[in-house]
Amino acid sequence: MPVKVATRGSPLARWQAEHVAELLGTDVELIVVETTGDKRQDVPIWEMGGRGVFVKEVQAAVLDGRADVAVHSAKDLPSEATPGLIIGAVPPRGDARDALVGCALDDLPTGGRVGTGSVRRRAQIAAYRPDLTFAGLRGNMATRLSKAGEFEAIVVAAVALERLGEDARISEILEPDVMLPQVAQGALAVECREDDEETHVRLRAIEHGPSRAAVDAERAFLGELGSGCDLPVGAHAVAEGASRLTLTGLIASLDGRVVLRHTATDLDGPALGRAVARHLLDNAGGAALMEEIRA
């Protein structure tokens, strides 16, 4: 019997679901679901409540039994667990970095127009190049690429272009010291029902320990901040040897004039994520900055 996989309907989401099916080595039936984020492409993500706008309806298909598993871009998941569901597997992570299409960052002209729907990306580019201007950009990858000519450059996830065979469009990949990625960017999260032990056992076979550890650390960072897509925050964890992780976290002002970063290393990923967040909030002025942004 095929595994029923709930997914969004975009080409990238379908690629991700089919990739998980390939890793599982089994036949699948795709249960395609339209999410709030897919329906309202004229509204910035942070105005719809940030994280969760691309996953809630997909998760509902698993909870009500229409599907056995849900495949998500891990960056779209809220930091809080959804009651009744568990992340059964995080397969090997792809490239976590962001990329520019159209022009490299240092080659953009003064006043150049950059397209992005992310406050995180906008703040960090503005910090590096305060002379640039910005405009919103939403839609699936094909839509964004079709609009690239309206800007000097657009910012997208490098892994999305690679998975869709569009990596030749990349003008520059932005290293984390310039653009810290979104929490869990480049990773997939496969959810199943908490009480579905049979499916959970099957998912364990595609779990990738280092990727899971990094994602758990980054999600713990976000959870400690209590933030999502509505604020300029980012985190990136890298495995150091068999069990140690190094994580860099970021909180920025919307205009990029203030960028707070902190890096630490620990054996325990979730503890590391929480510790980096607490340092930024309590010792680096992050709490006051977040209050100012929300106000």
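Our structure's up above, just so we're on the same page.
Now for a look at the structure at hand. (Residues numbered from 1 in each chain as written. Predicted model: local features only at pLDDT ≥ 70, side-chain atom pairs only at ≥ 80, totals over all residues. Heavy atoms only, no water.)

### Here we look at the overall build of the chain
Filter applied, for reference: Each helix is a run of H or I in the DSSP string that is no shorter than four residues. Each strand is a run of E no shorter than two, and both are numbered from the N terminus. Type-normalised accessible area, obtained with a 1.4 Å probe on protein chains alone, sets the label of each residue: buried when under 20%, exposed when over 50%, and partly exposed for intermediate values. Surface accessibility in these figures is a Shrake-Rupley result with a 1.4 Å probe; residues are shielded only by whichever protein chains are displayed. Charge convention: Lys and Arg are scored as positive, Asp and Glu as negative, and His as well as the terminal groups of each chain are ignored. One atom stands in for each charge, and that atom is NZ of Lys, CZ of Arg, CG of Asp or CD of Glu.
A count of helices and strands for the chain gives 10 helices and 13 strands. Counting only residues that meet the buried cut, the chain has 53% of its 295 residues in that class. Just so you have it, the chain exposes about 12,600 Å², and 48% of that area is on carbon and sulfur atoms. Taken as two groups, the 32 positive and 44 negative side-chain charges of the chain have centres that lie 3 Å from each other.

### What to know about helix 4 (residues 119-128)
Applied cut-off: Distance and chemistry together define a polar contact, namely a pair of N or O atoms within 3.5 Å, with one atom able to donate a hydrogen and the other to accept it when in protein, and with adjacent residues in sequence counting only for side-chain atoms on both sides.
Of all the 10 residues making up helix 4, 7 are buried; the element is thus mostly covered by neighbouring parts of the structure. When we look at burial in helix 4, the residues that qualify are Val119, Arg120, Arg121, Ala123, Gln124, Ile125 and Ala126. The distance from a side-chain oxygen at the start of helix 4 to the backbone nitrogen of arginine 120 is 3.2 Å, and the residue carrying that oxygen is serine 118.

### Topic: the sheet that holds strand 1 (residues 3-7)
How we decide: Two strands pair if DSSP finds at least two bridges between them. In this analysis an axis means a line fitted to C-alpha atoms, helices contributing only their contacting stretch, and an angle means the value between N-to-C directions, from 0 to 180 degrees. Between two residues, a contact is recorded if the distance between any of their heavy atoms is within 4.5 Å.
Reading across from one edge, 2-1-3-10-4 is the order of the 5 strands in this open sheet, with mixed pairing throughout. Because the sheet does not close on itself, it has two edges, and the strands there are strand 2 (28-32) and strand 4 (85-89). Averaged over neighbouring strand pairs, the angle between their axes works out to 35° when direction is ignored. In this sheet, strand 2 lies alongside strand 1 in parallel orientation, the contact comprising 5 bridges. Its bridge partner being in strand 2, valine 3 is matched across the sheet by valine 28. In the packing of helix 3 (residues 56-63) onto the sheet, contacts are made with strand 1, strand 3 (69-73), strand 4 and strand 10 (188-193), and the angle to strand 3 comes to roughly 165°.

### Remarks on the packing of helix 8 (residues 209-225) against helix 9 (residues 269-283)
We apply this condition: Throughout, a crossing is termed right-handed when the near helix is turned clockwise from the far one, and left-handed when it is turned anticlockwise from it by less than a right angle. Only Asp, Glu, Lys and Arg are considered charged in this grouping, and only Ala, Val, Leu, Ile, Met, Phe, Trp, Tyr, Cys and Pro are considered nonpolar; every other residue, Gly among them, is considered polar.
Taken N-terminus to C-terminus, the directions of helix 8 and helix 9 make an angle of 40°; their axes are 7 Å apart at the nearest point. Crossing geometry of helix 8 relative to helix 9 is assigned as right-handed. Taking contact as the criterion, the partners of Asp216, Ala217, Ala220, Phe221, Glu224 and Leu225 in helix 8 are, on helix 9, Gly269, Pro270, Gly273, Arg274, Val276, Ala277, Arg278, Leu280 and Leu281. Here the residues of the contact of helix 8 with helix 9 are counted per class, giving 9 nonpolar, 2 polar and 4 charged.

### As for the layout of surface pockets
Here is the rule we go by: Within this scheme a cavity is a closed region of a 1 Å grid, computed over the protein atoms alone, that accommodates a 1.4 Å probe without allowing it to escape, whereas a pocket is open but has protein on both sides within 12 Å along at least five of seven lines; lining residues each have an atom within 4 Å of a point. Grid points are joined across faces, edges and corners, and a volume is the space filled by probe spheres set on the points.
Of the voids in this model, the second largest pocket is the one considered here, and its volume is about 250 Å³. Secondary structure elements with two or more residues in the lining of the second largest pocket: strand 4 and helix 8. In terms of residue class, the lining of the second largest pocket is built from 6 nonpolar, 3 polar and 5 charged.

### A few points about helix 1 (residues 11-24)
The test is simple: A helix's residues, less one, multiplied by 1.5 Å, set its expected span.
The terminal C-alpha atoms of helix 1 lie 20 Å apart, and with 14 residues this matches the ideal 20 Å at 1.5 Å per residue to within 8%. Taken together, the buried positions of helix 1 are occupied by Leu12, Ala13, Gln16, Ala17, Val20 and Ala21. Check the buried side of helix 1 and you find it contacts strand 1, strand 2, strand 3, helix 6 (158-163) and strand 10. Two residues or fewer after helix 1 comes glycine 25, characterised by a positive phi angle close to 70°.

### As for the pairing of strand 1
Remember that side chains alternate between the two faces of the sheet whenever the strand is regular. Threshold: The definition of a right-handed crossover adopted here requires that, viewed with the strands pointing away, the path from the first strand over the helix to the second runs clockwise.
Among the 5 residues of strand 1, 4 are classified as buried, and the element is accordingly described as predominantly covered. Of the crossover connections in this fold, the one passing from strand 1 over helix 1 to the parallel strand 2 is right-handed. Pairing of strand 1 with strand 3, which is carried by 2 bridges, proceeds in the parallel orientation. Bridging across to strand 3, valine 5 finds its partner in valine 69.

### Some remarks on the environment of valine 155
Along the polypeptide, valine 155 turns up in strand 8 (residues 153-157). On the basis of relative accessibility, which here comes to 1%, the residue valine 155 falls in the buried class. As a C-alpha pair, valine 155 and histidine 262 span 107 residues in sequence and 24 Å in three-dimensional space. Setting aside its immediate chain neighbours within four residues, valine 155 contacts Asp98, Ala99, Leu100, Val114, Gly115, Thr116, Arg121, Ile125, Leu174 and Met179.

### Focus: the nonpolar core
Looking at soluble globular proteins, one finds that nonpolar side chains tend to be buried together. Defined as follows: As used here, the term nonpolar core means buried Ala, Val, Leu, Ile, Met, Phe, Trp, Tyr and Cys residues forming a set that is joined through side-chain atoms within 4.5 Å.
Judged by nonpolar contacts, the single largest core of 31 residues is most densely connected at Phe221, Leu225, Leu247 and Ile251. Mapped onto this core, the elements with two or more residues apiece are helix 8, strand 11 (233-240), strand 12 (244-252), helix 9 and helix 10 (286-294). Not counting residues up to four positions away in its chain, the partners in contact with leucine 247 are Ala217, Glu218, Phe221, His236, Ala237, His262, Thr263, Ala264, Leu272, Gly273 and Val276. By size, the runner-up hydrophobic cluster in this structure holds 14 residues, among which are Met141, Ala157, Val159 and Leu161.

### Let's talk about the sheet that holds strand 8
Reading across from one edge, 7-6-8-5-9 is the order of the 5 strands in this open sheet, with mixed pairing throughout. Looking at which strands have only one partner, the edges of the open sheet turn out to be strand 7 (133-135) and strand 9 (170-174). Strand after strand, the sheet turns through a mean of 30° between neighbouring axes, direction not considered. When strand 6 (residues 113-115) meets strand 7, the two strands line up parallel, connected through 3 bridges. Paired with glycine 115 across the two strands is alanine 135, which belongs to strand 7. Along the sheet, helix 4 contacts strand 5 (98-101), strand 6, strand 7 and strand 8; its crossing angle with strand 8, the most-contacted strand, is approximately 125°.

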